[in-house]
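# Structure at a glance
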Amino acid sequence: MKDSLISIFLVQLVCSLLLLPIGQCSSVFFPMDAKLIDQTCRKTPDYNLCTSVLKSSPDKDLRGLAIVAIDAVGSKATTTMNRINELLKQSPKDTALNHCHDMYNVILNSYVQGARDTLKRGASSHIATSSMSLTPDTAMSCEEAFKGRSPLTNLNKDVENIAAVAGAVAGQLP
């Protein structure tokens, strides 16, 4: 108790010295409300993955968290696309790899971009939720094109899992 009072006093002192309002100071010195992340992630299919994705988010509302989660899908899909491009340099006529290239173009340019743009505009979350629900099937279409274990199995699974979390976060928006 004594330590927390000292911390609060020090934050107020620093804020006063910097002439910052206390409300603005608390966002600088204290991380985002962990309660919102906890409540949000409990409503997703993978609590641990969700908290891992959202823990460093500077956003303080659910819409911002949904955008962070969608950006995580985009980041992992970009990593996957980069790997596909590396493999295509070695085997440019590989039909499975070309199919994956097409599928990840759809994920990145339609689903992720569309979901992100929709939420940034403040529009209904329905499009974002739908886009994220289509992403796992599209990633698995890539996987299935190999007719067995592909060189992209782990990346495809990661995209599938993160998209499921992102869709669940976006689905919590009004």
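The following refers to the structure shown. In this text, all values refer to a predicted model and were calculated from it rather than measured experimentally.

## Some thoughts on the side chain of S125
Among the structural elements, S125 can be located in the loop between helix 6 (95-120) and helix 7 (126-144). According to the relative accessible area criterion, S125 is buried, its value standing at 6%. Ignoring any residue separated from it by four or fewer positions in sequence, one finds S125 in contact with L119, A170, L173 and P174.

## Focus on the packing of helix 3 (residues 34-41) against helix 4 (residues 47-54)
Interhelical geometry of helix 3 versus helix 4 gives an angle of 145° and a closest axis separation of 9 Å. Crossing of helix 3 against helix 4: the hand is right-handed. Contacts from I37, D38, T40 and C41 of helix 3 reach helix 4 at Y47, C50, T51 and L54.

## Concerning the state of the cysteines
Tallied over the entire structure, the rule returns two disulfides. Disulfide pairing places C41 opposite C50 at an S-S distance of 2.1 Å. Note on the C41 and C50 pair: the S-S dihedral is about -70°, so by sign convention the disulfide is left-handed. Like C50, C41 is buried.

## Some words on the pattern of salt bridges
Counted by the stated rule, this structure contains five salt bridges. Here R42 and D38 are joined by a salt bridge, their closest N and O atoms 3.2 Å apart. On the basis of relative accessibility, which here comes to 25%, the residue D38 falls in the partly exposed class. We note a salt bridge from D71 to R116, for which the minimum N-O separation is 2.4 Å.

## As for the nonpolar core
With 44 residues, the main nonpolar core has L54, I70, Y104, I107, M132, L152 and V169 as its most contacted residues. Listed by contribution, the elements that provide at least two residues to this core are helix 3, helix 4, helix 5 (62-90), helix 6, helix 7 and helix 8 (153-170). Broken down by element, this core gets its largest block of residues, 14 residues, from helix 5. Not counting the four nearest positions on each side in its chain, M132 is found in contact with I70, V73, Y111, V112, A115, A163, A166 and G167.

## Quick word on the packing of aromatic side chains
Overall, the coordinates contain zero aromatic pairs when judged by the stated rule. If you follow R42 out to its NZ or CZ, it ends over the ring of Y47, 4.6 Å from the centre.

## Structural notes on helix 7
An ideal rise of 1.5 Å per residue puts 27 Å on 19 residues; helix 7 measures up with 28 Å between its terminal C-alpha atoms. Among all positions of helix 7, only A128, S131, M132, T135, P136, T138, A139, M140, C142 and E143 are buried. Those residues of helix 7 that are buried lie in contact with helix 5, helix 6 and helix 8.

Cut-off values and rules
- Residues numbered from 1 in each chain as written.
- Predicted model: local features only at pLDDT ≥ 70, side-chain atom pairs only at ≥ 80, totals over all residues.
- Heavy atoms only, no water.
- Helix = DSSP H or I, 4+ residues; strand = E, 2+ residues; numbered from the N terminus.
- Buried < 20%, exposed > 50% of the residue type's maximum accessible area, 1.4 Å probe, protein only.
- Contact = heavy atoms within 4.5 Å.
- Axes fitted to C-alpha atoms, helices over the stretch in contact; angles between N-to-C directions.
- Left-handed = near helix turned anticlockwise from the far one by under 90°.
- Disulfide = S-S within 2.5 Å.
- Salt bridge = Lys/Arg side-chain N within 4 Å of Asp/Glu carboxyl O.
- Core = buried A, V, L, I, M, F, W, Y, C linked by side-chain atoms within 4.5 Å.
- Phe/Tyr/Trp six-rings, centres within 6.5 Å; stacked < 30°, edge-to-face > 60°.
- Lys NZ or Arg CZ within 6 Å of the ring centre and 35° of its normal.
- Expected span 1.5 Å × (residues − 1).

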